[in-house]
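# Observations on chain architecture
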Amino acid sequence: PGKRIKVGFVSYYFREHSVIKMTLGMFKAFDYSKLEIVIFQVGNVDDKTKMLEQYTGKLVTLGGINFQAMQQRIADEKLDVVVYAEIGMDPHSYSLAFGRQAPVQLAMHGHASTSGIDSIDYYVTYSFFSEPEAQSHYSERLIELDGLTPLTLYYDAVPFKLPPGMKDKQGIKEWKRRFGIPTDKTVYACTQTLFKVSHQLDQVVKQILEGDERAVVVLKELPMTDQVGKLVTARMRKTLTPEDFKRIVFLPPLSDQDYTNMYGAVDVVLDSFPFGGHTSTMDALSIGKPVVTLPTKFMSGRCTQGFYERMGLQGLVASSVDEYIAIALRVGMDKAYRKSLRKQIKETLPRLTKDMRSVLAWEKMLEKLVRGTKEEAEALLWVS
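Now for a look at the structure at hand. Note that this is a predicted model, so its numbers are computed, not measured.

## Regarding the overall build of the chain
If you tally the helices and strands in the chain, you get 17 helices and 12 strands. A compact globule built from 384 residues would reach a C-alpha radius of gyration of about 21 Å, and the chain, at 21 Å, matches this within 12%. For the chain, the C-alpha atoms occupy an extent of roughly 65 × 40 × 40 Å along the three principal directions. When burial is assessed residue by residue, the chain has 56% of its 384 residues classed as buried. Contacts in the chain between residues at least 24 apart in sequence constitute 69% of all its contacts with a sequence separation of at least 6. Accessible surface, the chain as shown: approximately 16,600 Å² in total, 51% of it carbon and sulfur.

## Points about the environment of Arg-357
Looking at the secondary structure, you find Arg-357 in helix H16 (residues 357-371). Given a relative accessible area of 29%, Arg-357 falls into the partly exposed group. Apart from residues lying up to four places away in sequence, Arg-357 is in contact with Phe-128, Asp-146, Gly-147 and Arg-310. A polar side-chain atom of Arg-357 sits 2.8 Å from a polar atom in the side chain of Asp-355.

## Comments concerning H16
Across its 15 residues, H16 extends 21 Å between first and last C-alpha, which sits within 8% of the 21 Å expected from 1.5 Å per residue. Along H16, the residues classified as buried are Ser-358, Val-359, Ala-361, Trp-362, Glu-363, Met-365, Leu-366 and Leu-369.

## What to know about unusual backbone geometry
For the bond running from Phe-273 to Pro-274, omega is 10°, close enough to zero to count as cis. Checked against the element boundaries, Pro-274 lands in the loop between strand S11 (268-270) and helix H11 (279-287). With phi around 50°, Lys-78 is a residue other than glycine that occupies positive phi space. Locating Lys-78 in the fold gives a position in the loop between helix H3 (67-75) and strand S4 (81-84).

## Here we look at the pattern of salt bridges
According to the stated counting rule, one finds 19 salt bridges in the structure shown. When the shortest N-O distance is used, the salt bridge between Lys-354 and Asp-156 registers 2.8 Å. Note that Lys-354 is positioned in the loop between helix H15 (350-353) and H16 and Asp-156 in helix H5 (residues 151-157), a separation of 198 residues in sequence. Taking relative accessible area as the criterion, Lys-354 reaches 53% and is therefore assigned exposed. Note that Lys-343 and Glu-347 form a salt bridge whose closest N and O atoms lie 2.6 Å from each other.

About the thresholds
- Residues numbered from 1 in each chain as written.
- Predicted model: local features only at pLDDT ≥ 70, side-chain atom pairs only at ≥ 80, totals over all residues.
- Heavy atoms only, no water.
- Helix = DSSP H or I, 4+ residues; strand = E, 2+ residues; numbered from the N terminus.
- Rg over C-alpha atoms; globule rule 2.2 N^0.38 Å.
- Buried < 20%, exposed > 50% of the residue type's maximum accessible area, 1.4 Å probe, protein only.
- Contact = heavy atoms within 4.5 Å.
- Areas by Shrake-Rupley, 256 points an atom, 1.4 Å probe, with all protein chains shown as cover.
- Polar contact = N/O pair within 3.5 Å; in protein donor to acceptor, adjacent residues only side chain to side chain.
- Expected span 1.5 Å × (residues − 1).
- Salt bridge = Lys/Arg side-chain N within 4 Å of Asp/Glu carboxyl O.

None of the figures reported here should be taken as evidence of function without further support.
This is how it looks when you write it as structure tokens:
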């Protein structure tokens, strides 16, 4: 009693990346009279990394040293708990996770999939993203915390909003022209990187183009490699005609500002499936744009529906591919309905950005895992 619980958070992506969006609000809100937090940044440091240091008080950079030195540097902190913000997106963090740097080791949702690593004791998920038969999807013991992911708090700390120039028709038209998007069409956009655009979405795109003669579909190119883009477009050509392809716009890699501006030019956001949006959904909702979603049985495909459940908006959640297409077409073709959705989204967004339950749940969980009885720790585990 009296001594703070010492927790280390490890990631390659504590910088301008979705992972920092998922954690920054939590680090800002933690009760530091109870917790001592150490940030281990495996990759490069930027201004967002320094924001974490400002909140937590301690940043350890692991870049430029060998793997054994990274392990030792983490172990030297004598942590009670190690939390891997993502396992599976970067080889450094993935390899570190095979070691034992603390008595308790957790994985969180920076990568919404099990690590499959025996030395990771628990995986943390959230009640609004609850999965059927969830424990069977994880090698770790599953802890389901009350509420939403801490991602939503980021949008209170760092608002995501359009600049004034993207709030009027002329500014939107100019942005569309820059990227070859017709200015007189209804824009349906899947804002995920192309590796999330599954073959099932090919049929969705075709049906939308057939169902709405004013439709144009916008997709993002993949900046890290063009190989995935070639594979996806080759696959899409098996479903879509050359005429269909004339109504699809592939955006080039975007600057941060152009990525934000994109949402000002979009009418309907198409959530990818089976691996859906999380950060991108919050980006769209922050601008007031409706996201059509089809939940799956895995956490990676249930984030958007979880946000809507908290907001009290279920009209955009489909139960089948056909219903997904029907919802998307209604939103795209009915301007009055689309306007009413935007109003509802803006009115209910604070239910996400002001929801502190995940932070309080993290604090209680860490207390029980480190100082609680075995029974208290077991009580945290997911129950069907």
